[in-house]
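# Report on the structure
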Amino acid sequence: MSTLFQQLVNGLTVGGIYALIALGYTMVYGILKLINFAHGDLCVLGAFIGLTVITSLGGASGSPEIWVVGLAFVAAIIAICCAGVVLEFAAYRPLRNAHRLSAVVSALGASMMIENGIMLIWSPQTLVFPQGVLPQISWHVGGVVITFTQLMIIVISLILMASLYLYVNHTRFGTAIRASAIDQDAARLMGINVNRVIVSVFILGPALGAIGGLFIGLYYRQAVFDMGWTYGLNAFIAAIIGGIGNIPGAMLGGLLLGLFNALAGGYISSTWQQAITFGLLIAILLVRPTGILGERVAEKV
Amino acid sequence: MSDLLSVSDLHVSYGQIEALKGVSLRVAEGEVVAILGSNGAGKTTLMRSLSGLLRAKSGSITYDNEELVGRRADLIVRKGIAQSPEGRRVFGTLTVEENLDLGAYTRPISETAGSRAEVYSTFPKLQERRSQLAGTLSGGEQQMLAIGRALMTKPRLLLLDEPSLGLAPLIVKDIFTKLRTIAETGVTILVVEQNARMALKLADRGYVLEVGRMALEDSAANLLASSQVQEAYLGKG
């Protein structure tokens, strides 16, 4: 029984991270119908920038203060938001009216550029986050261990998801984002500057992604330049499971995938985890091709 | 009366195909003008160009003494030109109320509720359906929503692209009655229609657009009586 609860805690942690990253995929897809393959790499870039801040300000002694971690998050978020805007401007905007496939190729190219850029700037080797970056506290609740890092990841990702949900559904600009995703020309006729909406999505997504990326680094205490592939792919699958283009769907998909991964890892085999993930994806797409929440409302013509 | 909108020698193309081949028209403040034309005449192209969704190749669109060609669509809305587009284009997965509130996007938030109440008093059906998703409305209700949403921008000039499209005759009649009420509040209206009779009954003046060119221009009464229009658009042989 305690294995089950332990895996639920682990799954919620990883699921929260997947959800944060999946939101970036889904928001861009919602508006541009483009899969931003560079998103996973942006998240990894966030982890590396955060790591640099932690190691350079934390000193060699090894136990950086909590404010250093806060600063690492701020630096990663700012840098990745800028990178997101540059990415949109350089890689996607010139291809806005081109064939869909051109933008996909551009996305793949941007992904490789960022990945190799990280390798050149930092290292081709796995970098380790220093020990004791975060308080080494853990709680034991009836045989289940929850670490400070896990609790932080779960709480912050849930808060961020709730805030994003409220922002998108209950503010004027949030409604404009949803409207632009439905029909760009009709949105323009409402006086919405759709380009500004697109840029905002390339700020919001990467901001959440940078946090997700740094969470990965802090949780697994390591970062390697090509991990955007693994984590990006998982988050992307989460977005599809939830219904790509649908914001609550990405949250749900992320959490579900995290829980499913942890349970499969705990009860079946962790070597089969990836295969099991794809199995879940196939099973869900067979039953609901649009993803769990990706249902389109019947529109009368 | 001075012209609120004047279009001269407008050319618009899609790639190699020229959809508008030198269109000119004018609309005075407070006037209701109808543009008739069959499928493919270029009516929607004209409307999309006026709203800045399409960029004209040459010619000019002057509104309130300002050139609009090359202006961004969202800035044109801020100038006071609203459009209810062809096929209504309501945001299907947003509620009726969210659709309306988006119409007030360019205006202070404090004015949204008041404008919404005005639209509801013109179209009480929308108030009944306010928390329903727009995609689940009937065609007529969606058309009302598209017009209401355009009114939320507080336009001086309202562009209507085929408000009768795909609607039952009774509903068309109802919508044109509402348009009359809206025109009486002082909003200038430019309406593009295949339903020539309804449009000419509403309008003061009319134009006939044929394959990218204006073929006729006259008062609405004269156009209704003209044998040319009757044969081509009113189904009288």
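Remember, predicted model here, so these are calculated numbers, not experimental data.

## Brief notes about the interface of chain B and chain A
Between chain B and chain A, the contact holds 33 residues from the first and 23 residues from the second. Summed over both sides, the interface of chain B with chain A buries roughly 2,500 Å², with 62% coming from carbon and sulfur. When the area that chain B buries against chain A is broken down by residue, the three leading residues are B:Phe91, B:Leu102 and B:Tyr105, summing to 25%. In this structure, the connection of chain B to chain A is made through three salt bridges. With a shortest N-O distance of 2.6 Å, A:Asp183 and B:Arg89 are connected by a salt bridge. Put simply, chain B and chain A have six residue pairs in polar contact (both at pLDDT 80 or more) between them. Sorting the residues of the side of chain B that touches chain A by element identifies α2 (73-79), α3 (96-103) and α6 (139-151) of chain B as the ones contributing at least two each. Here the side of chain B that touches chain A takes four residues from α2(B), the largest share from any one element. Class assignment for the residues of the side of chain B that touches chain A results in 13 nonpolar, 11 polar and nine charged.

## A word on the sheet that holds strand β1 (residues 3-14) of chain B
All names here are of chain B. Taken in spatial order, the four strands make up an open sheet running β2-β1-β4-β5, and their pairing is antiparallel. The open sheet has two free edges, formed respectively by β2 (17-28) and β5 (66-67), since each of these has just one partner strand. Where strand β4 (residues 58-63) lies against β5, two bridges are found, and the strand directions are antiparallel. Bridge assignment links Thr-62 to a residue of β5, and that residue is Glu-67. Against the sheet, helix α1 (residues 43-50) touches β1, β2 and β4, its axis set at about 115° to β1.

## Examining the environment of A:Thr175
Along the chain, the position of A:Thr175 falls in helix α6 (residues 172-182). Sequence separation between A:Thr175 and A:Leu208 is 33 residues; the distance between their C-alpha atoms is 19 Å. When sequence neighbours within four positions are dropped, the list of residues in contact with A:Thr175 reads A:Val168, B:Leu94, B:Glu98 and B:Leu102.

## Some words on the sheet that holds strand β7 (residues 157-161) of chain B
Within a beta sheet, neighbouring strands are joined by backbone hydrogen bonds and run either parallel or antiparallel to one another. Residues and elements named next belong to chain B. Strand order in the open sheet formed by six strands is β6-β7-β8-β3-β9-β10, with mixed pairing between adjacent strands. The sheet terminates laterally at β6 (81-84) and β10 (213-219), the two strands that pair on one side only. Sheet twist, expressed as the average angle between the axes of neighbouring strands with direction ignored, equals 15°. Direction of pairing for strand β3 (residues 32-36) relative to strand β8 (residues 188-193): parallel, over a ladder of five bridges. Counterpart to Ile-35 in the pairing with β8 is Val-192. Strands in contact with α6 are β6 and β7; relative to β6, the strand with the most contacts, it is inclined by about 170°.

## Considerations on empty space enclosed by the protein
Residue and element names in this part refer to chain A. Applying the stated criterion across every chain, the model contains one cavity of 30 Å³ or more. Considered as a void within the structure, the largest cavity measures approximately 40 Å³ in volume. Forming the boundary of the largest cavity are Ile-21, Gly-40, Cys-43, Val-44, Ile-216, Met-227, Gly-228, Tyr-231 and Gly-232. Every element with two or more residues in the lining of the largest cavity is listed here: α2 (39-58) and α9 (227-242). A per-element tally of the lining of the largest cavity places α9 first, with four residues. Considering only residue class, the lining of the largest cavity consists of six nonpolar, three polar and no charged.

The rules behind these values
- Residues numbered from 1 in each chain as written.
- Chains lettered and ligands numbered in written order.
- Predicted model: local features only at pLDDT ≥ 70, side-chain atom pairs only at ≥ 80, totals over all residues.
- Heavy atoms only, no water.
- Contact = heavy atoms within 4.5 Å.
- Buried area = accessible area lost by both parts, 1.4 Å probe.
- Salt bridge = Lys/Arg side-chain N within 4 Å of Asp/Glu carboxyl O.
- Polar contact = N/O pair within 3.5 Å; in protein donor to acceptor, adjacent residues only side chain to side chain.
- Helix = DSSP H or I, 4+ residues; strand = E, 2+ residues; numbered from the N terminus.
- Nonpolar A, V, L, I, M, F, W, Y, C, P; charged D, E, K, R; others polar.
- Pairing = 2+ DSSP bridges.
- Axes fitted to C-alpha atoms, helices over the stretch in contact; angles between N-to-C directions.
- 1 Å grid on protein atoms, 1.4 Å probe; cavity = no way out; pocket = protein on both sides within 12 Å on 5 of 7 lines; lining within 4 Å.
- Points joined across faces, edges and corners; volume = space filled by probe spheres on them.

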